[in-house]
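One-letter residues, chain by chain:
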Amino acid sequence: MATRQAFALSRRSLLKGAGMLVVSMGAPVSVELANSIGAALASGAKPPLHPAELDSYIAIGADGSVTAFFGKMDMGHGLETAIAQIVAEELDVAIKSVRVVMGDTRSSVNQGGASGSTGIQKGGMQMRYAAAEARRILLEAASRHLEVPAERLTVSDGIVSAGVDRNVGYGELIGGRYFNVKLDWNKRIGNDLQARGIAKPKSPKDYKLVGKSIPREDVAAKVFSQTDYVTDIKVPGMVHGRMLRPPVAGAEPVEVDEASIKDIPGARVVWKMGFLGVVAEKEWDAIRAAERLKVKWSEVKPPFPAYASLYDHIRKAPAERRSIDRKSGDLTQAFASAARIIQSEYEWPFQSHASMGPACAIVAIADGRATLWTGGQKPHYARDGVAAVLGMKTEDVDAIWVQGPGCYGRNDAGDAAHDAAVLAQAVGKPVRVQYMRHDATAWDPKGPASVHRARAALDAANNVIGYEFISKGFSRQEVSSNESQVKDCLAGQLMGAPLKPTPAFGVPAESYGFPNKEMGWETIPGFIARASPLRGAHLRDPVGPQIHFASECFIDEIAAAIGADPVAFRLKYVTDARDAAVIRAATEKYGWQPRPSPRRDQSGVTVVGRGFAYAQRNGAIVGIVAEVEVDKRSGRVWARKFVVAHDCGQIINPRGLEQCIEGNIVQGLSRALYEEVKFDNSMVTSVDWMSYPIGEIGDVPEAIEIVLIDRPDIDPAGAGEPAMRPVAAAIGNAIFDATGVRLRRVPFTPERVKQALSSS
Amino acid sequence: MTTKRFTLNVNGRDHTIDADPDMPLLYALRNELGLRNPKFGCGLAQCGACTVQLDGTPIRSCVTPVAAAVGKIKTLEGLGTPEAPHPIQTAYIEEQVPQCGYCINGWMLTAAALLERNRKPTDAEIKEALAGLKCRCATHMGIMRAVRRAAAMMG
């Protein structure tokens, strides 16, 4: 409240009068106010790019067109279109007249980039409030112009009307000039940035565009090859860079024989401590130089255990941090008094982003300024990181986001940005770096491996009276989820930057009302602290799939142990009405008939089962029924059908949401069935698509049926990640239903399934 | 090393370049000819992001030496235009298939080649033709819908 008052005063002083608030309530326009708004709009000077300036979010062109400056980016889910819908809705303009400029530090403030599925949940809401405030200011200006009180004006397609023949367009009111209006900024940047005006956004009942399946603008440009990807950016004088990584993780170059590449035109070596790269004028020459350069690497002790002992290592390693995030009741007492105790452990491997293309970045430095082109998730933070790498001021560095190969978290894009900066500074020319496939798969930051231990205490009537869930694994933030600091990228780690990993994991997100309940986690240090190819980082729904694989499979294990239908069991214990609604929606759509798992009525080679899992995620709730076929001879699992119920509050674009959910499900099944980063004692051995297989077209389900639960009056939550969360558990539960065999380690490869079936 | 002179016929036009004969066609198309597509995905013929058609057959330009690229090369840009789109392009737009879109060369050029020889493919035939291609955004459901739609348009 105090903030709001201070803000209102500053607004008044800016506008030289208190009448503005009065006008909002419908009083006649005072001359003083009219003059003050006119003065503010016309003051000419472009205000600084600052979170508290309305002009940092919205601009109106002379033709009435609207530009929205968005400090986040579309990672392929149609966010660009959704933001245009939100902005057009609040401003009452046509969707076609809105252009969204994403992730360019020259024109947008830091709204956190792509992060945590907050594109709409946080970024979109900021744009909604900014657009609503812009509309309010424009209406006041129109009120002055038309000499009609604002509340008697209507707006359609950017034309403000006081009746027949009394119209004025946004373009005429402000076109090409600036609002120069301050917002009430919460002093945060990134995802949590909020800067509100006085205006309240529209009531959902008045929506014309939000909630509609507006097609995406970017699709045709991609399909006709009319749009640049970051890999297509060319800068005059640009040379190509490639990096050299050691054959044994942790080794550093001790001798570099530059003569070994002397016959490659223009090839040069850049070597600084552990950082070793090459540049050449032609890309093919840079690739060959990296292949041919003779390097003697330091002798280091092979840093990794045998792959087969990964989970033993996790179990035995001393925890560096232990956290109990949820605690209710008295767990010790519950287990002491239990009639029966059920317990299980689950395992999840390291997984790679394995982006479709290896990361690419271009850095150009000229006249005291640097520019970064990046396809990564967080251009504003990458700008900060490149400035730190170059020893430049943040304000002297620009970052421009350009569509890159899909990015699902803290992938290799940040490392490429820093590498390009180091190379560009060293050779005095703009440098484009694109990694090779082995750099991308073997050396990207990894989703961390983990072990999950779950216990349930039952009373004599089979009620759950105690529940404990503890994860133990590598941290999901051995490197930060953004690349704003030198220490968090390979270049800085290779050049000796002091490290500071953050121990972080998580707990299940559900509403099971077990009376005595504890959920927590432990993290262990990485095998090597510096420049590890297994450094833990955020991978789509950071640690969500692993935690909920374990927790939602364990819920099924309890249900199976007491002979309960797994859906009825969940409905008995969930305490959140929205959770229950999602569980019912998915299972009713599927036609779920209550019975305990497993089925016992099948013989033959191919058996079929169904499984359910659900999870919350930051305001979204997803329930999934998976139906699988298991070929008992080959061990192949085919998830032939999914039914998904999805509640993420208010829906902006239903079709975009459905396709976002489909991508989550299919990527999720890939992670559940195939994905596993392997290593030997020396190095990661998952280096390409053969050694790191992912789901392919043959794995596609016959159907993914989606029930969207729209809640127009609840602010939207994110959808970019929640639907991935329960996929592995739903498949695991379905495999159990089909076969009676419980798989507690991901991925469910044919070999592993076959082995589990034969030993059961 | 010695460079040689090559004439590449790309999307109906001849281009003369000087290049290392071993250099993959991909780099000639991207850097010498300045085409946005194909894309570098793996350099190992494992993903399809670099796919072009050579005399109508999809090939991986990342492992095809420029010296071996004798014939008519077609890239995604040569498949169709907004004014005269190939049915698979129309279907991709109507089905809103791509997320990042980095992989689409492989899928679209392979599907277009399939539909040239088989106007009524079954789902199994579509999956067989598209096996091995990667889409990390996992848009496979949309890809299947688009190929079926394009087949219906061409059939």
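Residues numbered from 1 in each chain as written. Chains lettered and ligands numbered in written order. Predicted model: local features only at pLDDT ≥ 70, side-chain atom pairs only at ≥ 80, totals over all residues.

## A closer look at the overall build of chain A
Phase 1: Looking only at helices and strands, chain A features 20 helices and 28 strands.
Phase 2: In summary, chain A has a C-alpha radius of gyration of 28 Å against a globular reference of 27 Å for 760 residues, a match within 12%.
Phase 3: Seen through its C-alpha atoms, chain A measures out along the principal axes to roughly 85 × 75 × 50 Å.
Phase 4: By the burial criterion, 58% of the 760 residues in chain A qualify as buried.
Phase 5: The long-range fraction of contacts in chain A, counting pairs at least 24 apart against all pairs at least 6 apart in sequence, stands at 78%. (Helix = DSSP H or I, 4+ residues; strand = E, 2+ residues; numbered from the N terminus. Rg over C-alpha atoms; globule rule 2.2 N^0.38 Å. Buried ≥ 20, exposed ≤ 12 C-beta atoms within 10 Å, placed from the backbone. Contact = placed C-beta atoms within 7 Å.)

## Some points on the confidence of the model for chain B
Phase 1: Averaged over all residues, the pLDDT of chain B is 97; the fraction at 70 or higher stands at 99%.
Phase 2: Interface confidence in the predicted complex, given as ipTM, is 0.98; pTM for the same model is 0.94. (pLDDT = per-residue confidence, 0-100.)

## Notes on the pairing of strand S18 (residues 369-374) of chain A
Residues and elements named next belong to chain A.
Phase 1: Counting buried residues in S18 gives five out of six residues, a clear majority hidden from the surface.
Phase 2: Pairing of strand S17 (residues 360-366) with S18, which is carried by six bridges, proceeds in the antiparallel orientation. Each residue of the ladder has a partner; that of Ala366, found in S18, is Arg369.
Phase 3: Remark: two residues form the turn of the hairpin made by S17 and S18, two consecutive strands paired antiparallel; Asp367 in that turn has positive phi of roughly 55°.
Phase 4: With five bridges joining them, S18 and strand S19 (residues 397-401) adopt parallel strand pairing. Residue Ala370 lies in a different strand from S19, and its bridge partner there is Val397. (Pairing = 2+ DSSP bridges.)

## Some thoughts on the environment of Ile547(A)
Residue and element names in this part refer to chain A.
Phase 1: Within the fold, Ile547 resides in helix H15 (residues 544-561).
Phase 2: Judged by the 28 C-beta atoms lying within 10 Å of it, Ile547 falls in the buried class.
Phase 3: In sequence terms Ile547 and Ala577 are 30 residues apart; their C-alpha atoms lie 23 Å from each other.
Phase 4: If near-sequence neighbours (up to four positions away) are discounted, Ile547 is found in contact with His452, Ser471, Gly506, Val507 and Pro508.

## With respect to the sheet that holds strand S5 (residues 159-161) of chain A
Residue and element names in this part refer to chain A.
Phase 1: Strand order in the open sheet formed by three strands is S4-S5-S6, and the pairing between neighbours is antiparallel. At either margin of the open sheet sits one strand with a lone partner, and together these are strand S4 (154-156) and strand S6 (167-169). Direction aside, neighbouring strands of the sheet carry axes that sit 25° apart on average.
Phase 2: As paired strands, S5 and S6 are joined by three bridges and run antiparallel to one another. Looking at the pairing, Val160 lines up with Val168 of S6. (Axes fitted to C-alpha atoms, helices over the stretch in contact; angles between N-to-C directions.)

## Focus on the nonpolar core
Phase 1: Among the nonpolar cores identified, the biggest contains 278 residues, and Ala68(A), Ala361(A), Val363(A), Val644(A) and Ile731(A) are the most heavily contacted of them.
Phase 2: Of all the elements, helix H5 (residues 119-146) of chain A adds the most residues to this core, at 12 residues. (Core = buried A, V, L, I, M, F, W, Y, C linked by C-beta atoms within 7 Å.)

## Description of the interface of chain A and chain B
Phase 1: On the side of chain B, 46 residues touch chain A, which itself brings 45 residues to the contact.
Phase 2: Of all elements in the fold, only helix H7 (218-223), helix H8 (283-292) and helix H18 (654-673) of chain A reach the threshold of two or more residues within the side of chain A that touches chain B.
Phase 3: Per element, the largest residue contribution to the side of chain A that touches chain B is seven residues, and it comes from H18(A).
Phase 4: Taken together, the residues that form the side of chain A that touches chain B break down as 18 nonpolar, 15 polar and 12 charged. (Nonpolar A, V, L, I, M, F, W, Y, C, P; charged D, E, K, R; others polar.)

## Comments concerning the confidence of the model for chain A
For residues with low pLDDT, the predicted coordinates do not support detailed interpretation.
Phase 1: When pLDDT is averaged along chain A, the result is 94, and 94% of the positions lie at 70 or above.
Phase 2: Note that residues 1-35 of chain A has pLDDT below 50 and, in this model, 38 contacts with residues that lie over four places away or in other chains.

## Thoughts on the packing of H15(A) against helix H16 (residues 566-573) of chain A
Residue and element names in this part refer to chain A.
Phase 1: Orientation of H15 relative to H16, taken along the N-to-C sense of each, is 105°, at an axis distance of 9 Å. Relative to H16, H15 is oriented roughly perpendicular. Counted together, Ile555, Asp556, Ile558 and Ala559 of H15 and Pro566, Phe569 and Arg570 of H16 form the full contact between these two elements.
Phase 2: When the residues that make up the contact of H15 with H16 are grouped by side-chain class, the tally is five nonpolar, no polar and two charged. (Parallel < 35°, antiparallel > 145°, perpendicular 65-115°, else oblique.)

## A word on helix H4 (residues 104-117) of chain B
Phase 1: Helix length check: H4(B), at 14 residues, gives a terminal C-alpha distance of 20 Å against a target of 20 Å (1.5 Å per residue), a fit within 8%.
Phase 2: The element H4(B) is extensively covered by neighbouring structure, given that 11 of its 14 residues are classed as buried. (Expected span 1.5 Å × (residues − 1).)

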